[in-house]
Structure formats: C-alpha cells, structure tokens
Amino acid sequence: MENKIVFFDFCETLVDFQTADGFVDFVRITSGKKKMIRIEVVQRLLVQARFFAICNKFFSKKSIEKRFKLFQLRGFNKLELEEYARLFYAKQIKPNLIIDMYQKFQNHLSNADEIVLISGGYSIYLKYFLEEFNLSRLFSSEIEFDRNNLCTGFMTGMDCLYENKVTFIERNGFERGMNTVAYSDSITDLPLLKWVNKGYVVSRNVSQKWASQFGFSEIVWKN
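All figures in this text were calculated on a predicted structure; none of them were measured in a lab.

**Structural notes on the environment of Gly153**
With respect to the secondary-structure elements, Gly153 resides in strand E4 (residues 151-156). Along the sequence, Gly153 and Phe71 sit 82 residues apart, while their C-alpha atoms lie 4.0 Å from each other. Among all residues touching Gly153, those that are not within four sequence positions of it are Arg67, Leu70, Phe71, Arg74 and Glu144.

**Regarding the packing of aromatic side chains**
What the rule picks out here adds up to 24 aromatic pairs. Between Phe7 and Phe174, the aromatic rings sit 5.4 Å apart at their centres with planes inclined by 80°, giving edge-to-face as the arrangement. In this pair, Phe7 is assigned in strand E1 (residues 5-8) and Phe174 in the loop between helix H8 (164-171) and strand E5 (180-184), connecting sequence segments 167 residues apart. By relative accessible area, which is 5% here, Phe174 ends up buried.

**Points about unusual backbone geometry**
Of note, Ala112 is a non-glycine position whose phi angle comes to about 60°, a positive value. By relative accessible area, Ala112 is classed as exposed at 52%. A positive phi is found at Asn205, a non-glycine position, where the angle reads about 75°. Within the secondary structure, Asn205 is located in the loop between strand E6 (198-204) and helix H10 (209-213).

**Some points on the pairing of E4**
Two elements, strand E3 (residues 137-145) and E4, share three bridges in a ladder whose sense is antiparallel. Looking at E4, one finds that Ile143 is bridged to Met155. Joining the antiparallel neighbours E3 and E4 is a turn of five residues, in which Asn149 adopts a positive phi near 60°.

**Description of the sheet that holds E6**
Taken in spatial order, the seven strands of this open sheet run E4-E3-E2-E1-E5-E6-E7, and their pairing is mixed. Only two strands of the sheet have a single partner each, and these edge strands are E4 and strand E7 (217-221). Mean inter-strand twist for the sheet, computed between neighbouring axes without regard to direction, equals 25°. Two strands pair when backbone bridges link them, and E5 and E6 are joined in this way by four bridges, in the parallel orientation. Residue pairing for E6: Tyr183 is matched across the bridge by Tyr200.

What counts, and where the lines are drawn
- Residues numbered from 1 in each chain as written.
- Predicted model: local features only at pLDDT ≥ 70, side-chain atom pairs only at ≥ 80, totals over all residues.
- Heavy atoms only, no water.
- Helix = DSSP H or I, 4+ residues; strand = E, 2+ residues; numbered from the N terminus.
- Contact = heavy atoms within 4.5 Å.
- Phe/Tyr/Trp six-rings, centres within 6.5 Å; stacked < 30°, edge-to-face > 60°.
- Buried < 20%, exposed > 50% of the residue type's maximum accessible area, 1.4 Å probe, protein only.
- Pairing = 2+ DSSP bridges.
- Axes fitted to C-alpha atoms, helices over the stretch in contact; angles between N-to-C directions.

And the structure:
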C-alpha cells in the first residue's frame, strides 16, 4: 500500500491551545519586560473596544491581532528568543499535546507516512517538535530578525494561514492527486482540507457543523 503524505495543523489539532500568541505570552510572563506588558495592556484595551473585531470584518485574513501581539517581541536578540522557544516547547507544548491526536500522529509515524507540519505557529519553537520526532518538513510562519539578529516584531514571508497553506504546499512540489491526508481544527483551513484527498476535522468536545456540511470526517476529542 502506498504511503500517505499527511499534513498536520498544529494549534488545537496536535496541541490544545494557540501557540503563536501563547509563545509571546510566555516570553512576556517569563521575562517580565515592561515594554511587553505595556503593549499587552494596549492590546487588551483594543480588544475591549472591539477594534480587532472591526478590523476582521474588513481584513479577515490579515491576522491583525496576531501581528499586533508579535510586536511585543521587537528588540529581542535571536539567541535569547531561541532559549525562550526551547523552554516554551518543554514547558507549554509537550504537556499539552492532545492525546487522541498524538496517537493518530504516532500511527502515521509507525506506517512510515510522510508527515508535514503546517501551522500558523512560529518555526522558532515548532522546530523542536520536528527534532523530537525526526520530521523533515515544516511549513509555518516566521519571525523576522534584522542583520544584527534582533527581532523586528514582524513576520517575514507569508503567514501560514488560509489559502497560504496551499501555496506553501504547492511551492514545495506537492501536487493534487497524491495520496494526501490533512488534519485541522479550523474552518480557516478549508482550502487545505479541500486540497487533500482526505480531510479530517478535529473538534474539541462537540461536533462542528461545517465538518459534515463539507463532507469531512471528524475526530471529536474530550478534554
């Protein structure tokens, strides 16, 4: 039987929280940087004022709130952030893997399927997941550093969300018609789930209506 190419979303698919914002929160709380705290206070006020909700109505695929939070990391040295990323993986990601989905992941590993991690999370910490399980393929969002290895507070390249996931896949030599499978929790990954031969929707506690609406199989896990 032909081995599968398996695309795993990460946040709320393999791990039970959103890691991009979670990483920034971890750095802020661990470092205690006052600049980060000030930006976080502003962000919370903007959330209360529904600023980001209004932005999403007009720029729903621009990830404005995510980008605003990322700006908290501006000025950090790359080596310093690499150490925070290592700690974040060990303390926040590993203890919060979704057991049901981790077992699915392990089954695909045992079957020698090619596993591709495809995530709007940041490669700076996702790379530790690849290292642990000897994976070779990661498509993700990237934090930008300047020539002095200081974080600019921005992303570089495409944010790995929405249709961009399919763009990442096709730019790296994957084609429709291959024996492909994808797992994701979010309707924002509809382009990915439609692109593969078999899409699985991962749901927390309750079924999501859009899964059956689009004819996807569904995995409901309980926390």
